[in-house]
Structures are given as structure tokens and as C-alpha cells.
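# Descriptive structure summary
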Amino acid sequence: AHCEDLLYDFTYFNISDAPTSVTFTFTFADIGWNQWGGPNGFSFQVVNVYIDADRVPNSGNLRMLDGANAEVTPGFAWEAAVQAAGWSDARTFVTRDPAVSQRLQSGLLVRAVPGTNAVEVTVPKALLPAGDPKSWGYVVVAGGQDGFGPGWWRPVAAIAGTWVFGGAGRPGVPPG
């Protein structure tokens, strides 16, 4: 049995640095079943990784990618962002621009690890900033993947609907 309340809860994040690529591993409390047949092995989640490569406060972007409806704190202003979902089309990319005017997709590999609640995203170093990935700062967020939503995120409203999460505007819940 799967619990939809746990689909977006991270239990683990890891960075594996190889000579020509970096692999990010995310484990969810429950990845769910691949209900919509995402070719990468999962359907529900969209994950954004914001990379603060220079570690200089306010040096970089504060606004998260479209759909997340949030900002990073100035201490994690980002130089690159990776978005991954169950589909390897425009939902999976690296960008340096919060307006997502340039999306780089060449060589990104995204897959659910069979038999686990983990997703691995392997990104060629050529698409990432220079430097040591283990010294970078990271902000990692997940939400509901929606191929028709803003930035491929499921929208959030005050009242839940068929294709809309509820809870926006409640104390402790960011507006959708």
C-alpha cells in the first residue's frame, strides 16, 4: 500500500561526484506507483535542485523556477538549477536562468531505482558550474508533477480540486 501523504517527503539526498558527471539521489518516504507510466519509472513528483556554486550570499538567483512559487534565502542564491520528473522531455533540464529561457537537456539521465523509493538524476558536468560539487550549497524541493501546470507543477489553491492541491493560504502553507 502507498500513502499519498508521503509522496513529496524526502528521507535522503546524496551527491555522487564522478569524473564527467554528478548524480543526485533523492529518496522519498513513498515514491508511489507509476500511475501515468512515466518512462523514468515514476509519475507523481517533480524535483528541483538549486545549486549555489559560489557560496556568496545574494550572488545568483533567488526566485525558484516557475511552479514552485518560492524563493531561496540569500545565503543560497543559485547559479544553476536542475529539474527532473518522470518524463525526459522538457520537464527534465538544467538552467542558469529563473525565467528558464535556456534549458539544457543533453545527456541528463533520470530514473527511479527499481524496488526502492529513490530517484537518481545524473547530470553531465559540462552543464553544471565549474568547481567541486561537494562544496556547493543546495536547496532541494519536490512537488506534484503536472504536465499542464505552471512549470509542470501541480497548482495549489485554497480548496483542493480534481487537478489542484488544496491548502493555499492556510497558516504555515505557502500560497500556491
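Each value, and the rule that gives it
Per chain, the residues get numbers from 1 upward, laid out in the order the sequence is written. Where totals are concerned, whole chains, interfaces and linings use all residues; where local detail is concerned, this predicted model gives features only for residues with pLDDT of at least 70, and gives and counts side-chain atom pairs only at 80 or more. Just so you know, side-chain values use all the structure's heavy atoms and leave hydrogens and water out. Strands here are runs of E lasting at least two residues and helices are runs of H or I lasting at least four, both read from the DSSP assignment and numbered beginning at the N terminus. Partly exposed describes any residue whose relative accessible area lies between the buried limit of under 20% and the exposed limit of over 50%, with all areas from a 1.4 Å probe on protein chains only and scaled to the type maximum. In what follows, residue pairs with any heavy atoms lying within 4.5 Å of each other are defined as contacts. Methods summary: accessible areas were calculated by the Shrake-Rupley approach with a probe of 1.4 Å, and residue burial reflects only the protein chains presented. Any two strands with at least two DSSP-identified bridges between them are counted as paired. Interaxial angle, 0 to 180 degrees, is taken between N-to-C directions of lines fitted to C-alpha atoms, where a helix line uses only the stretch in contact. Throughout, nonpolar core names a set of buried Ala, Val, Leu, Ile, Met, Phe, Trp, Tyr and Cys residues whose side chains join them through atoms within 4.5 Å. Stacked, edge-to-face and tilted are the three classes for Phe, Tyr and Trp ring pairs, Trp counted by its six-membered ring, which pair at centre distances within 6.5 Å; planes under 30 degrees apart are stacked, over 60 edge-to-face, the rest tilted. Any Lys NZ or Arg CZ found within 6 Å of a ring centre and within 35 degrees of that ring's normal is scored as a charge over the ring.

The helix and strand tally for the chain stands at zero helices and eight strands. Going from the N terminus to the C terminus, the chain shows its helices and strands as β-β-β-β-β-β-β-β. Taken across its 176 residues, the chain has 45% of its residues classed as buried. Long-range pairs, those at least 24 residues apart, make up 53% of the contacts in the chain between residues at least 6 apart in sequence. Roughly 8,600 Å² of accessible area belongs to the chain as shown, and the carbon and sulfur atoms make up 57% of that amount.

Moving on, we get to the sheet that holds strand β4 (residues 80-85). If you walk across this open sheet you meet the four strands as β5-β4-β3-β8, and the pairing is antiparallel. Because the sheet does not close on itself, it has two edges, and the strands there are β5 (93-95) and β8 (137-144). Looking at each pair of strands side by side, their axes are set apart by 15° on average, direction ignored. Alignment of β4 against β5, held across three bridges, turns out to be antiparallel. For Q83, the partnering residue across the bridge sits in β5 and is F93.

By size, the foremost hydrophobic cluster in this structure holds 24 residues, and its most contacted members are F24, I51, V82 and V123. Secondary structure elements with two or more residues in this core: β2 (21-28), β3 (45-52), β4, β6 (109-112) and β7 (118-124). In terms of residues, this core owes the most to one element, β2, which gives four residues. In terms of nonpolar packing, the next biggest core, distinct from the first, is built from 14 residues, Y50, L65, W78 and A81 among them.

To continue, consider unusual backbone geometry. Its identity as a non-glycine residue notwithstanding, R55 has a phi of 60°, on the positive side. With respect to the element layout, R55 can be found in the loop between β3 and β4. On the accessibility criterion, R55 (36% relative accessible area) is partly exposed.

Spatially, the four strands line up as an open sheet ordered β1-β2-β7-β6, and their pairing is antiparallel. Lying at the two open borders of the sheet, with one neighbouring strand each, are β1 (10-17) and β6. On average, each strand axis in the sheet is tilted by 10° relative to the strand beside it, whichever way the strands run. Pairing of β2 with β7 involves seven bridges; the strand directions are antiparallel. Bridge assignment links T25 to a residue of β7, and that residue is E120.

Moving on: the packing of aromatic side chains. Within the structure shown, the criterion is met by nine aromatic pairs. Here F10 and F26 contribute two aromatic rings whose centre-to-centre distance is 6.1 Å and whose plane-to-plane angle is 40°, an arrangement assigned as tilted. A residue pair is termed long-range when its members are at least 10 positions apart, and F10 in strand β1 and F26 in strand β2 qualify at 16 residues. With a centroid separation of 5.2 Å and 70° between ring planes, the pair formed by W36 and F44 is classed as edge-to-face. Look at F44 and you get buried, because its relative accessible area is 11%. Its end group placed over the ring of W87, R91 keeps NZ or CZ at 5.2 Å from the ring centre.

Our next topic: the environment of Y12. Mapped onto the elements, Y12 comes out in strand β1. Residue Y12 is classed as partly exposed on the basis of its relative accessible area, which comes to 43%. Each C-alpha atom, one on Y12 and one on F28, is 7.2 Å from the other, the two residues being 16 residues apart in sequence. Leave out the neighbours within four places in its chain, and Y12 touches T25, F26 and T27.

By themselves, these figures tell us nothing about what the structure is for.
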